[in-house]
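Okay, here's what each chain looks like letter by letter:
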Protein chains: 2
Amino acid sequence: MNADEPRADLSVGLVVPRKLAIGAALPLDCGRTLPGHELMVETYGELNGARSNAVLVCHALSGDHHAAGYHAAGERKPGWWDSAIGPGKPIDTRRFHVVSLNNLGGCRGSTGPNTVNPATGELFGPDFPIVTVRDWVRSQALLADALGIERWAAVIGGSLGGMQVMQWAIDLPQRVRHAVVIAAAPRMSAQNIAFNEIARQAILSDPDFHGGRYYAHRVVPSRGLKLARMLGHITYLSDEAMRERFGRLLRDGQFNFNFDVEFEVESYLRHQGQVFVERFDANTYLLMTKALDYFDPAREFGDDLAAAFRVSRARYLVIAFEADWRFAPQRSREIVKALVAAGREVSYAQVHSHLGHDDFLMPLPQYHKVLGNYLARVAEEVGT
Amino acid sequence: MNADEPRADLSVGLVVPRKLAIGAALPLDCGRTLPGHELMVETYGELNGARSNAVLVCHALSGDHHAAGYHAAGERKPGWWDSAIGPGKPIDTRRFHVVSLNNLGGCRGSTGPNTVNPATGELFGPDFPIVTVRDWVRSQALLADALGIERWAAVIGGSLGGMQVMQWAIDLPQRVRHAVVIAAAPRMSAQNIAFNEIARQAILSDPDFHGGRYYAHRVVPSRGLKLARMLGHITYLSDEAMRERFGRLLRDGQFNFNFDVEFEVESYLRHQGQVFVERFDANTYLLMTKALDYFDPAREFGDDLAAAFRVSRARYLVIAFEADWRFAPQRSREIVKALVAAGREVSYAQVHSHLGHDDFLMPLPQYHKVLGNYLARVAEEVGT
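Residues numbered from 1 in each chain as written. Chains lettered and ligands numbered in written order. Predicted model: local features only at pLDDT ≥ 70, side-chain atom pairs only at ≥ 80, totals over all residues.

**Examining the environment of E345(B)**
Residues and elements named next belong to chain B. Positionally, E345 belongs in the loop between α9 (329-341) and β12 (346-351). You can call E345 exposed: it has 11 C-beta atoms within 10 Å. Other than its neighbours up to four places away in sequence, E345 contacts R315 and Y316. (Helix = DSSP H or I, 4+ residues; strand = E, 2+ residues; numbered from the N terminus. Buried ≥ 20, exposed ≤ 12 C-beta atoms within 10 Å, placed from the backbone. Contact = placed C-beta atoms within 7 Å.)

**Digging into the interface of chain A and chain B**
The partner chain B presents 39 residues to the 39 residues of chain A that form the contact. Mapped onto the side of chain A that touches chain B, the elements with two or more residues apiece are α3 (190-204), α4 (222-236), α5 (239-245), α6 (264-279) and α7 (282-294) of chain A. Sorting elements by how many residues they give to the side of chain A that touches chain B places α3(A) first, with 11 residues. Among the residues making up the side of chain A that touches chain B, the classes are represented as 24 nonpolar, five polar and 10 charged. (Nonpolar A, V, L, I, M, F, W, Y, C, P; charged D, E, K, R; others polar.)

**Details of the domain arrangement of chain A**
Residue and element names in this part refer to chain A. Here chain A is described as being made up of domain 1 (18-187 + 296-381) and domain 2 (192-288). Each of domain 1 and domain 2 has a C-alpha centre, and these two points are 26 Å apart. Across the contact, 23 residues belong to domain 1 and 16 residues belong to domain 2. Residues that form the side of domain 1 that touches domain 2 fall into these classes: 12 nonpolar, nine polar and two charged. (Domains from an automatic or database assignment.)

**Here's the deal with the packing of α4(A) against helix α3 (residues 190-204) of chain B**
Running from amino to carboxyl end, α4(A) crosses α3(B) at an angle of 170 degrees, the nearest separation of the two axes being 10 Å. In terms of orientation, α4(A) and α3(B) fall into the roughly antiparallel class. Along its contact with α4(A), which presents L227(A), M230(A), L231(A) and I234(A), the element α3(B) presents Q191(B), A194(B), F195(B), I198(B), Q201(B) and A202(B). Counted by class, the contact of α4(A) with α3(B) contains eight nonpolar, two polar and no charged residues. (Axes fitted to C-alpha atoms, helices over the stretch in contact; angles between N-to-C directions. Parallel < 35°, antiparallel > 145°, perpendicular 65-115°, else oblique.)

**A few points about the sheet that holds β12(B)**
Residues and elements named next belong to chain B. Reading across the sheet, the eight strands line up as β1-β4-β8-β5-β9-β10-β11-β12 and stay open at both edges, with mixed pairing between neighbours. In this open sheet, the two strands that pair with only one neighbour each are β1 (18-22) and β12. Within this sheet the neighbouring strands show an average axis-to-axis angle of 20 degrees, counted without direction. Packed onto the sheet, helix α1 (residues 133-147) meets β1, β4 (37-44), β5 (54-58) and β8 (97-101) and runs at close to 105 degrees relative to β1. (Pairing = 2+ DSSP bridges.)

**A look at the sheet that holds strand β13 (residues 315-321) of chain A**
Residues and elements named next belong to chain A. If you trace the eight strands from one edge of the open sheet to the other, you get β1-β4-β8-β5-β11-β12-β13-β14, paired in mixed fashion. This sheet does not close on itself; its edge strands, each paired only once, are β1 (18-22) and β14 (346-351). In this sheet, neighbouring strand axes are inclined to one another by 20 degrees on average, regardless of whether the strands run parallel or antiparallel. Note: β1 against strand β4 (residues 37-44), five bridges, orientation antiparallel. Bridge pairing links I22 to H37 in β4. Against the sheet, helix α9 (residues 329-341) engages β12 (178-182), β13 and β14, with an angle of about 160 degrees to β13.

Here you go:
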C-alpha cells in the first residue's frame, strides 16, 4: 500500500460534541439581533502552539457538527464526512485541528427553531429568524474568537458548505488563508430556487405544519418533509447514476396496477424520505433552503462576482464533479473565472464522477488526491 | 409573406366536442374489463371519400380532446395544440381529418375516475382501473372503428402522446401509415419515474385525498395536486430557459425574510399549480403518471426495442428538442436507432430550441417546417 494513499480504515475514533455559548450579540441580515446563541461543536486533531493549523469545515443543507468519528463504541455510521477527515485522510487530523459545527438555525443542538427562546421560554419555532450564509459566517467568526483561532489555515465545505467558504473569504479576508470550495455555485439558479420552493411548499402546506408551531401539537409535518427530502434526492443523483442503480427494476418483478411501491427507485425515495423525517426538523429545513436561495455574494458588489472576490485574500481550491447537475461544473467554472478576473490564486479540479452532487461526500480517489495534496501543502505552509 | 409559412392567425374556428359511446368490452392490461366506455372527441377538417386522410392526435399527461379551435366565440385560449392544427398549419385541416380525444381515465368527459361507474351509480374514484398506453391504443382503435377509420394516415403525439404513437405502430401495424413521435422516450428512466413518484406521493399523502374518494367529501387534494404540477413544470423548462425567464428576479426587489413569494420563479410555479388545481382531477393525474411509468414496448420483446419496432409497418418521423431534459434528444435517438435496426424507414429531426420539453407545444419555425413538410408528403401519398 502506498503510504500517500488515504486509509479508509483510519478514524478519529470516539468524539464528544460540545455546546459552546456565544455571548456576543449577533446582528442578522434580516435586521433582528440575537442577544446570544449556542453552537454544537466537534473538533478533531490538536491545535498547534502557533494556533496556525485550524481548519473549519462548513456543513451543507442537512449536515451537522458530527463530521467525523463515532459518538459511541459499536456505532454503525460515522460522521457525515468521515471519509475525508481523519488521520492520513485528505483533511489529515495528524496535522490539522479540524472544527466542525452545527450552524445557527440547525436542529442538532445549536440555537435554532427547535430550541428554547430565552425571551419567551417557549421553543422558537417559526419565530426563529431566517438566517443567511453571511449570518453563519458572523456566527462562525464569534466561534473562532471563542476558540482563540485568529486565522483559519483553511475553510472547507461542499455544496451550501462551499458557499459559506466563499462568504468567509469575502467578508473576513484576513481570517482565511485557504478557501476550499467544493461542488458549489456562486448563487442559486432559477431552477435551483424552484426545487427549493417546491420543497418549502410541501412543508408549509402540510396540515401538520401548524404555521411552524407543530411542536406544541406534538406532531411533525412528516408528509411535507418527506416529499422535500425525496425531491432533494433527485437532485443529488445524476440521471445516469439512477439508471445504473435502479434502472426500471421492479420490486415484485411485475406491475401491480396500484400505487404501492413498484419500481426500486420508488422504494429508495420513500425510504430516504422516511429516514430523514426521523432525524431532521422541518423548520430548519425551511431555513436552510432560504439560506441557499439568498446566497449571492456578488449582489453587494453590483452583481460583479469578481469584485466580490477582489476583497478576499485567500488562495482557493475549487472542485467540481462531472456528474453533478445540481451545481454542475459550469457553475464552479463561473467561480473560477471570477477568481481569475479578481487576480486571486486558484486551483481548479473537475473530477470525473458518476453519482452526481453527492459525489462530494464520496471517497473518489482523484478527488481525495487533489484535496489531500492541496491540504498537505497548506500544512507545510502553516508549519504543522 | 411566404405562402408555405404556417399562418398563426388561421384557426379551425368554433368546434363542438362530441361524446362517443364505445359499446364493445375493453379488456385492460391490469386484468379487468370495462364493459363499455365513453370518449370525448373533437374532429377538425373533413374525412375524404376514401377515408384515407384521417390523422389521430394523442394527448400528453394533462391534455384532452380540445386540441384546436375554440369552444365559444370570444374565448381567449384555443385548444392546446392550436399552433400546429388548422388550415395552412403543419397538421393542415384543409387536407386532413384530424381526430382528437380525451383518453380513457381522463377528466374532461371521457370515462374516468370523475365519471359515474354504471355498475354502482357512484363516481369511479379510486376504483377506476389503472390504464396503460396499450389500453389507450385499444380504446382508440375501438374509436377508429366507430368512426369508420380503418387506417390512420398518421398517428401523431408529443411526450406521453408520442408513446401512444409508438404503441399504435407496434400493436396495430396495419392501421398506421405514418407514426410521428415527438419529444418522447422509449420508456421512462429511473429519474423520470422518481419525479412521477414524488408527484404521486404529494397527492396520495394529502389529507384531502381521502383514498381517492374526495368527491364524496366535497374537497379536492389541492395541496398535493398543486405540488405535483409545480414539480412537473420544473421538468418542462430547461435550466437555461428558467434563467432567461426568471433569473433571480425578486418580486419586491428585495429579500423579505419570510416564506411568501420572493423570487419570480416562485410566483410562476405557485400560479401554475393553482391554475392546474382548478382544471384537473387528482385521480386522473395519478393514472397518467402510472401510464407513463408502465410504458415499455420493448418489455414484451425481451427488452429489445428493435424487435418491438420490427412488427410495425409504419414509416416514422421522430422529432426531439435540444433544450428538452425531461426526454432529451438522446432518448429520441434511442428510438431512431432501434427503428433503423428494425429496418423501418425513419426521419429524425433534432430541433434547436431553448424552452425545454414544452417546446413540442410551441410554433418553432424549424419544428413546424419539418412537421408540415412531412405531413404534406403524407397528404400527397393518401391522395388528399
